[in-house]
Amino acid sequence: MSALGGKAAGGEGINWQGVAVGIVIIIIALGITFAFGSEGLVIPLLGIIIGGALIGFGVHFVPVGGAPAAMGQAPGIATGVAMLAAGAGLAGLFGGAWAFSATGDFLTAVLGGAVGGGMMMAITCLMVNLTYVFAMGVPAASGKVDKDPITGYSFPEYKSQGTEGHGLPFISYVGGVVGGFIAGLGGTLIYIELLLVYSAGLPVLLEASAEAVAPLAVSLAGILAIGFFLINAVLSAYNITGTIEGPHDPKFKRVPRAIIGCAVASAFCGLISILIIVAF
Amino acid sequence: MTVKIEASSGGMPHNTIMMYGLIVSVVCIYLTYLNQLTDTQWFAFFGGIGAIAALWWGSDTIKHLCSYGLGTGVPSAGMIAFGIGAIAMVFATKFDIATPIVAIIIAGIIGAIIGYIANSIVNMNIPVMVMSMCELAIVGALTMLGFSAMCAGSFGFNNLVVAAGSGEVIMAIIPELGVIVQSGGPLFGASVIGGSVLAVIFILGAMALQHPFNACLGPNESQDRTLMLAAEVGFLSMIAVAVMSYAFIDGLSATIALVVSLLGWYYTFTQYVALSKRDAFMWLDAKPIREVGGK
Amino acid sequence: MEEIVLGIGITALAGALATIAGAAEDTESDIGSQGDPNSQVQLAPQMGYIHRIFNKAISGEPPAYAAWCAIGAGVAWAFLQIGYNPALAIILGSIVAVFVQGIYCISGYLGRTASLAKFEQPVYIDIIKSLLSVTMAHAFIAIFCTVTVCYLMATVLHAQPFALPILGLLWGLALGAAGSATGNPFYGKERQYQNQNFGAGVPISASGNIVRYAEAGERSSLDNGWFTTKFAGPASGICFGLIVFLELWRTVLFETSLGGWGAIVAGIVLILIFAVINLWVEKWGRETYGPYTSEEASS
């Protein structure tokens, strides 16, 4: 994702009118689902909403510097925020889906997906720092804070002339791992909820046995989970407007907007994707 | 320091492009219904043409949206459009003959809601956001519908989830026992959705939607060149879909689709190169760097 | 037991293939100048620096590689469905994918460069003639290895539920994310701005002033590939290889231990180990290089 960004339009603060409309949309989505399938479909929809909100939350932790980071002009990972989070979250989805199909246990599958996302980010962030320190001779320095909240390292004197900082300070590293963890958790949660809905509903709809329908349910849930992930990650990227250093960045204060936005988006998209199994 | 996103103004009005794109796309997707009427699969390639018409329209929408500056890259708009389009398209395929219409309505509603969220909850405040997201979601749904119809031979839900040829009566003749007739069950795992070919269509379409404007942005961007590139990447995606359709429809129909897409791709590609040559400052072959001012 | 041994063998093979894929992917994207560092190639003519670098504008690496690997996996899946043997199917899939990639490269270069006419940047058509085959060759290696990894996952690891095309999309996206994250700074800072101080970031005021001339003659993107294969390529390869290897390793070995929690515990332990290594790297950099002094800053 090339960061050929123009000026970011997003300001600070929360638009309460928009939030109110959003909550109404969530309630309508839950109501329609209840009308079609009582609690059996409402609980998966709630899971999808929580999963979407988790993705929106997790993306904000991932330290992404975009094009300036590739020149050592700004801290963070030199790629696009939505796609880096998607790379981590979907690597997690692979682990979570595998664990769910092997054990069938909800909790270990969801956590397995989260750990998969966290591990992908842990390795990637480590390799980023190795490149900065050993190949470019650049120490890590944040541009947004003077002191690392975890290690206590001070940054201003380690920041080279004419830049906003570079590399990944430890707080950004932790942010990356936590972001991958939460994004993986959200993605796997959405996948498993969709899979449960489809593996229960498709055999009835298609008048076939559950085993025969299993590959179809897995594929449909997988494709739509990727779709959900991208919708939520891109909405969060719009909220971040390009680059963020991690949980210590002032932009992180915008996170409630993304959580609400992703929850609303997931609610309505979840409604449509659950209605696929309802025969009209 | 980053590059400002610049786009040309003028040219064909956006609403005209939208009308052409929408009508051609829907008509072409409906033309795949000729397969059912004639009991063949020769007309599958019309789905691909419909998808290209939608992509052609969508690349102009992306240009309008992204000239406002989203704060993140142009490709993100393609991804979110197809995320919505995938959900709307799978839902719509259950409505048999009304599928394209339902896909447009559902994708439009979801797109408008996502646009509203981006504007009012995420505070982007971009004037064209709601309309653009609405259009992009419809483009996503129609593109996926068109390519899926091309792959499977029709856009019905049952055709997309059950592989062709499954459920046929398999006769096994064993002399000692006489004739045993066995009925094979439906093969869900070998279908367009069950085999996850829809995921390939998803990413092919998302790339084709964002690429034309992303590749052509700059101070000398011109509409006809961007739209020609949209048609070019559309036909290029159609080639890949045509190759994959060999697994679902008969060889003759898939070959027809492949030949149509190759011919279309060749024509649009040469046209695009010619237009690039027209717009380029100079067209040099193996020449050294020519510094500004001709030094 | 036999299944675990087979699983470990597959894990090792997948990790090795992923390492090759990561290295080829990053080299390809540096020769073609894809992703974030390309913003400087795009910016240079606006600042008056006409250059002969491949300006390949195809989104970022993660969606691009998700697309190439998904096409490769999808076409391979289709040919497997018809009854082709796996080796042939994967090669045919990679060929179709690399054809699509090559055409995207041409249109990206022509489009962006033609749109820069205002700044007098000519289209050097020989760049495409000489470099396209190089990037396509690297992309073929990356796609072929990734699709093979996905094929191994889809056929040998039975508990893993996804079909081949969806795995191609997932791992292609991860490949692009890992490759661009690791490789971009090295290409962007270290190679494009080789004229700037070593051991410091590029000052924002120097943006666009990329190196355009080589030791002898003019720098081409092939020189950039020559440089980045020394570090960024292998580093990206190790990054993606580790991701694939450890993700499979922890699941294959510890799936059933500790009542299903083994894989999670193993993953968390690995994350902690990587965090400690990272802390050490950061500390080493600070202590060895020390703070920037005013003399260095003024030069």
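Scroll up for the structure.
Counting of residues starts from 1 at the beginning of each chain's written sequence and follows it residue by residue. Chain A is the first chain written and ligand 1 is the first ligand written, with later ones labelled in order. Residues qualify for local features only when their pLDDT is at least 70, as the model is predicted, and side-chain atom pairs are given and counted only at 80 or more; totals for whole chains, interfaces and linings, by contrast, use all residues. Excluded from the side-chain calculation are hydrogens and water; included are all heavy atoms of the structure.

Draft legend 1. Inspection of unusual backbone geometry at higher detail. A positive phi angle, near 60 degrees, is found at Asp39(B), a position not held by glycine. Position of Asp39(B) among the secondary structure elements: in the loop between helix 2 (34-38) and helix 3 (45-66). Even without being glycine, Ser33(C) reaches a positive phi, approximately 60 degrees. Secondary structure elements follow DSSP: runs of H or I no shorter than four residues count as helices, runs of E no shorter than two count as strands, and numbering proceeds from the N terminus. For Ser33(C), the location among the structural elements is in the loop between helix 1 (2-32) and helix 2 (38-43). Given the relative accessible area of 0%, Ser33(C) is considered buried. The classification of residues rests on relative accessible area computed with a 1.4 Å probe and restricted to protein chains. Under 20% of the type maximum is buried, over 50% is exposed, and intermediate values are partly exposed.

Draft legend 2. Local environment of the interface of chain A and chain C. Contact criterion: two residues are considered in contact whenever any of their non-hydrogen atoms come within 4.5 Å of each other. Every contact between the two is made by 82 residues of chain A and, on the other side, 83 residues of chain C. When two parts are put together, the accessible area they lose, computed with a 1.4 Å probe and summed over both, is reported as buried area. Roughly 6900 Å² is buried in total at the junction of chain A and chain C, and carbon and sulfur atoms are behind 74% of that figure. It is Met71(A), Phe94(A) and Trp98(A) in chain A that bury the most area against chain C; as a group they hold 12% of the surface buried on that side. Basic side-chain nitrogens of Lys or Arg form a salt bridge, by our definition, when they fall within 4 Å of a carboxyl oxygen of Asp or Glu. Our count for the contact surface shared by chain A and chain C stands at zero salt bridges. Side-chain atoms alone can form a polar contact between residues adjacent in sequence; in general such a contact is a pair of N or O atoms within 3.5 Å, and within protein one must be able to donate a hydrogen while the other accepts it. Here chain A and chain C share 18 residue pairs in polar contact (both at pLDDT 80 or more) between them. The set of elements that each furnish at least two residues to the side of chain A that touches chain C consists of helix 2 (66-70), helix 3 (81-103), helix 4 (106-135), helix 5 (170-206) and helix 6 (210-240) of chain A. Counting residues per element, the side of chain A that touches chain C draws most heavily on helix 4 of chain A, which supplies 23 residues. Side-chain classes follow a simple rule in which Ala, Val, Leu, Ile, Met, Phe, Trp, Tyr, Cys and Pro form the nonpolar group, Asp, Glu, Lys and Arg form the charged group, and the remainder, Gly included, forms the polar group. In the side of chain A that touches chain C, the residues fall into 52 nonpolar, 27 polar and three charged.

Draft legend 3. Inspection of the interface of chain B and chain C at higher detail. At the interface, 61 residues of chain B touch 62 residues of chain C. For the pair chain B and chain C, the summed buried surface comes to about 4900 Å²; carbon and sulfur atoms form 69% of the total. Put simply, chain B and chain C have three salt bridges between them. Between Glu291(B) and Arg212(C) there is a salt bridge, with the nearest N and O atoms lying 3.2 Å from each other. Scanning the region where chain B abuts chain C turns up 23 residue pairs in polar contact (both at pLDDT 80 or more). Taken together, the elements giving at least two residues each to the side of chain B that touches chain C come down to helix 4 (75-92), helix 8 (197-216), helix 9 (223-244), helix 10 (251-279) and strand 3 (283-284) of chain B. If you tally residues by element for the side of chain B that touches chain C, the top one is helix 8 of chain B, at twelve residues. When its residues are assigned to classes, the side of chain B that touches chain C shows 39 nonpolar, 14 polar and eight charged. Paired strands are those between which DSSP finds at least two bridges. As paired strands, strand 3 of chain B and strand 1 (residues 123-124) of chain C are joined by two bridges and run parallel to one another. What sits directly across from Trp283(B), in strand 1 of chain C, is Val123(C).

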